[in-house]
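Observations on chain architecture
The chain contents come next:
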Amino acid sequence: MEEGTSKEPTHCTVTEDGYDAFQWDVREDCEVRQILDRVADKWSLLVIALLDRQSLRFTELRRAIDGVSQRMLTVTLRQLERDGLVERTVHPVVPPRVDYALTPLGRTLHATIRSLVTWTEAHQREIAAAREAYDARAREGGS
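Residues numbered from 1 in each chain as written. Predicted model: local features only at pLDDT ≥ 70, side-chain atom pairs only at ≥ 80, totals over all residues. Heavy atoms only, no water.

1. With respect to the overall build of the protein
- Helix and strand counts for the protein come out as five helices and three strands.
- Reading the protein from its N terminus to its C terminus gives the helix and strand order α-α-β-α-α-β-β-α.
- Across the 143 residues in the protein, those meeting the buried criterion constitute 24%.
- Partitioning the intrachain contacts of the protein with sequence separation of at least 6 by distance along the chain shows that 39% fall at a separation of at least 24.
- Total accessible area computed for the protein in this model is approximately 10500 Å², and 53% of it derives from carbon and sulfur atoms. (Helix = DSSP H or I, 4+ residues; strand = E, 2+ residues; numbered from the N terminus. Buried < 20%, exposed > 50% of the residue type's maximum accessible area, 1.4 Å probe, protein only. Contact = heavy atoms within 4.5 Å. Areas by Shrake-Rupley, 256 points an atom, 1.4 Å probe, with all protein chains shown as cover.)

Structure below.
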């Protein structure tokens, strides 16, 4: 078992309307926080995006993801497999061939990631302008 994860899901407290914005931020043992930490890291996002259209071998994933180490890709794939987002298929051939693919659950997550990317693309100019304005204020000594 990975350090910092429990065997059983924990239940975070929620507000009367069913939503507590802090449920994944302040409770380290909260399952929601653990899942968000996992799926929102940069390597997981890239793996999920790459596996959206086709299954890939480890070496294909490694070549496609600039900067990922062999160890980090291995850890990421194992975590995604453990969470039920990626399936690993070992083919009984010589040499052994292993493919990775999104599970149906992983495909639903990819749809959410795609929405986030679409939002980012639509608002990137506004964000760039806000950054420039912030940096200009910081240079002038006001924040």
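2. Quick notes on the environment of Val-47
- Tracing the sequence through the fold places Val-47 in helix H2 (residues 42–50).
- Along the chain, Val-47 and Leu-80 lie 33 residues apart, while their C-alpha atoms are 9.1 Å from each other.
- Discounting chain neighbours no more than four positions away, the residues touching Val-47 are Ile-65, Leu-73, Thr-76, Leu-77 and Leu-80.

3. So, helix H5 (residues 104–139)
- If you check H5, its first and last C-alpha atoms are 49 Å apart, about what 36 residues at 1.5 Å a residue would give, namely 52 Å.
- Along H5, the helix axis deviates most sharply at His-123, where the bend reaches about 60 degrees.
- Every buried residue of H5 is accounted for by Gly-106, Leu-109, His-110 and Ile-113.
- Among the structural elements, helix H1 (31–39), H2 and strand S3 (97–102) are those in contact with the buried residues of H5.
- The positive-phi residue at the C-terminal boundary of H5 is Gly-141, with phi of around 95 degrees. (Expected span 1.5 Å × (residues − 1). Bend = angle between axes of the 7 residues up to and from the residue.)

4. Focus on the packing of H2 against helix H4 (residues 70–82)
- Packing of H2 against H4 leaves a shortest axis separation of 10 Å and a crossing angle of 70 degrees. Accordingly, the angle class assigned to the pair H2 and H4 is roughly perpendicular. Of the residues in H4, those in contact with Trp-43, Ser-44, Val-47 and Ile-48 of H2 are Met-72, Leu-73, Thr-76, Leu-77 and Leu-80.
- Residues that form the contact of H2 with H4 fall into these classes: seven nonpolar, two polar and no charged. (Axes fitted to C-alpha atoms, helices over the stretch in contact; angles between N-to-C directions. Parallel < 35°, antiparallel > 145°, perpendicular 65-115°, else oblique. Nonpolar A, V, L, I, M, F, W, Y, C, P; charged D, E, K, R; others polar.)

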